[in-house]
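Here's the letter readout for the chains.
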Amino acid sequence: MFSFVGITFVILGLYILIFRLFYRRKRISRQVYFVTDKRVFSFDTLRDEVIFDIPLDETELFLGDKSLILGDTNAIGDFIYNLGLDVFFRKFSKETPAFRYLDNINEISKIIIENKEKVEEQEDDSVFI
């Protein structure tokens, strides 16, 4: 029993000390960001899931260091995801919707602002029954 528990804790310790850094780098490199004429969303190709999907009229732009924050911040979720511990806790907390580690933040923010203005100018011709 002691060897089973000991091996489990050694494996968890190795992940927390070393492997979470490699996992975090791989997760960041596998994220794809999209800006359309109506929405902003991100897709994680590592897990094949949508990270966030926000209509353009609901986006709130904040410039960070090499990141473009698109909505309300979640400090606990950012802490978990930045440490690479989302393997254990991703069901309990979500990451802040943002385009991270970009070189051309100003160009992307201009595209989002221009498309957001176009969406706000369009008339709402939907019919509610």
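Throughout, a residue's number is its position along its own chain's written sequence, starting from 1. Only residues with pLDDT of at least 70 are given local features in this predicted model, and only at 80 or more are side-chain atom pairs given and counted; all residues enter the totals for whole chains, interfaces and linings. In computing side-chain values, all of the structure's heavy atoms are included and hydrogens and water are not.

Novice: Honestly, the packing of helix α1 (residues 2-29) against helix α2 (residues 75-83) in this entry has me stumped. Any pointers?
Specialist: Two packed helices can be described by the angle between their axes and the distance between those axes. Axis angles are defined between N-to-C directions and span 0 to 180 degrees, where every axis is a line fitted to C-alpha atoms and, for a helix, only to the segment in contact. Each helix corresponds to a stretch of at least 4 residues labelled H or I by DSSP, and each strand to a stretch of at least 2 residues labelled E; elements are numbered beginning at the N terminus. Direction vectors running N to C along α1 and α2 enclose 110°, while the axes themselves pass 8 Å from each other. Our classification of the angle between α1 and α2 gives roughly perpendicular. In this structure, α1 uses R20, R24 and R27 to contact α2, whose residues at the interface are Y81, N82 and L83. Oblique is the label for any angle not under 35 degrees, not over 145, and not in the 65 to 115 range, which are roughly parallel, roughly antiparallel and roughly perpendicular in turn. Only heavy atoms matter for contacts: two residues are in contact if any of them lie within 4.5 Å across the pair.

Novice: Would you mind showing me how to read the sheet that holds strand β1 (residues 31-35) here?
Specialist: Paired through backbone hydrogen bonds, the strands of a sheet run either parallel or antiparallel to each other. Strands are treated as partners if at least two bridges between them are detected by DSSP. Spatially, β1-β2-β3 is the arrangement adopted by the three strands of the open sheet, whose pairing is antiparallel. Of all strands in the sheet, those bounded by a partner on one side alone are β1 and β3 (49-55). The mean inter-strand angle of the sheet, taken between neighbouring strand axes irrespective of direction, is 10°. Sheet topology note: the strand β2 (residues 39-44)/β3 ladder contains six bridges and is antiparallel. Paired with F41 across the two strands is D53, which belongs to β3.

Novice: How should I be thinking about the confidence of the model for the protein in this particular structure?
Specialist: Any region with low pLDDT has predicted coordinates that should not be read closely. As a per-residue quantity, pLDDT reports the predictor's confidence and falls between 0 and 100. With 95% of its residues at a pLDDT of at least 70, the protein reaches an overall mean of 87. The lowest-confidence element of the protein is helix α3 (residues 86-89), averaging 85 in pLDDT; the highest-confidence one is β1, averaging 93.

Novice: Sorry, what's going on with the packing of aromatic side chains here?
Specialist: Two numbers describe a pair of aromatic rings. These are the distance of the centres and the angle of the planes. Aromatic pairing here means that ring centres of Phe, Tyr or Trp (its six-membered ring) are within 6.5 Å. Orientation follows from the plane angle: under 30 degrees is stacked, over 60 is edge-to-face, and everything else is tilted. This model, assessed by the stated rule, comprises five aromatic pairs. With a centroid separation of 6.4 Å and an interplanar angle of 70°, the aromatic rings of F88 and F89 are classed as edge-to-face. Relative accessible area decides the class of each residue, using a 1.4 Å probe on protein chains only: under 20% of the type maximum gives buried, over 50% gives exposed, and in between gives partly exposed. A relative accessible area of 37% places F88 in the partly exposed class. In this structure F89 comes out as partly exposed when scored by relative accessible area, which is 36%. Here the aromatic residues Y15, F88 and F89 are joined through ring pairs into a cluster of three or more.

Novice: What is the right way to read the nonpolar core from this model?
Specialist: Across soluble globular proteins, you tend to see nonpolar side chains buried next to one another. Counting residues in each nonpolar core, the largest one holds twelve residues, listed as V40, F52, I54, L56, L68, L70, F99, L102, I105, I108, I112 and V119. Considering every element that reaches this core, the biggest residue donor is helix α4 (residues 105-121), with four residues. Beyond its immediate sequence surroundings of up to four residues, L70 is in contact with V40, F52, I54, T59, E60, L61, P97, A98, F99 and I112. Here, nonpolar core means buried Ala, Val, Leu, Ile, Met, Phe, Trp, Tyr and Cys residues that are tied together by side-chain atoms lying within 4.5 Å of each other.

Novice: Help me out: how do you make sense of the sheet that holds strand β5 (residues 67-69) in this one?
Specialist: Overall, antiparallel pairing links the three strands, which are arranged β4-β5-β6 in an open sheet. Because the sheet does not close on itself, it has two edges, and the strands there are β4 (62-64) and β6 (98-100). Averaged over all neighbouring strand pairs, the angle between strand axes comes to 15°, with direction disregarded. Bridge count between β5 and β6: three bridges; the pairing is antiparallel.

Novice: Please explain a nonpolar patch on the surface as it appears in this structure.
Specialist: Patch construction takes residues with relative accessible area above 30% that form no salt bridge. Like charges are linked within 9 Å, and nonpolar side chains (Val, Leu, Ile, Met, Phe, Trp, Tyr) are linked within 5 Å. Throughout, the Shrake-Rupley method with a 1.4 Å probe supplies accessible areas, and for residues the shown protein chains are the sole cover considered. For salt bridges, the criterion is a side-chain nitrogen of Lys or Arg within 4 Å of an Asp or Glu carboxyl oxygen. Taken together, the side chains of M1, F4, V5, F9, L12, V87, F88, F89 and F92 define a hydrophobic patch exposed on the protein surface, amounting to about 1,000 Å² of accessible area. For the nonpolar patch, the elements supplying multiple residues, two or more each, are α1 and α3. No other element matches the four residues that α1 contributes to the nonpolar patch. Relative to the helices and strands, F92 resides in the loop between α3 and β6. What makes F92 exposed here is its relative accessible area of 70%.

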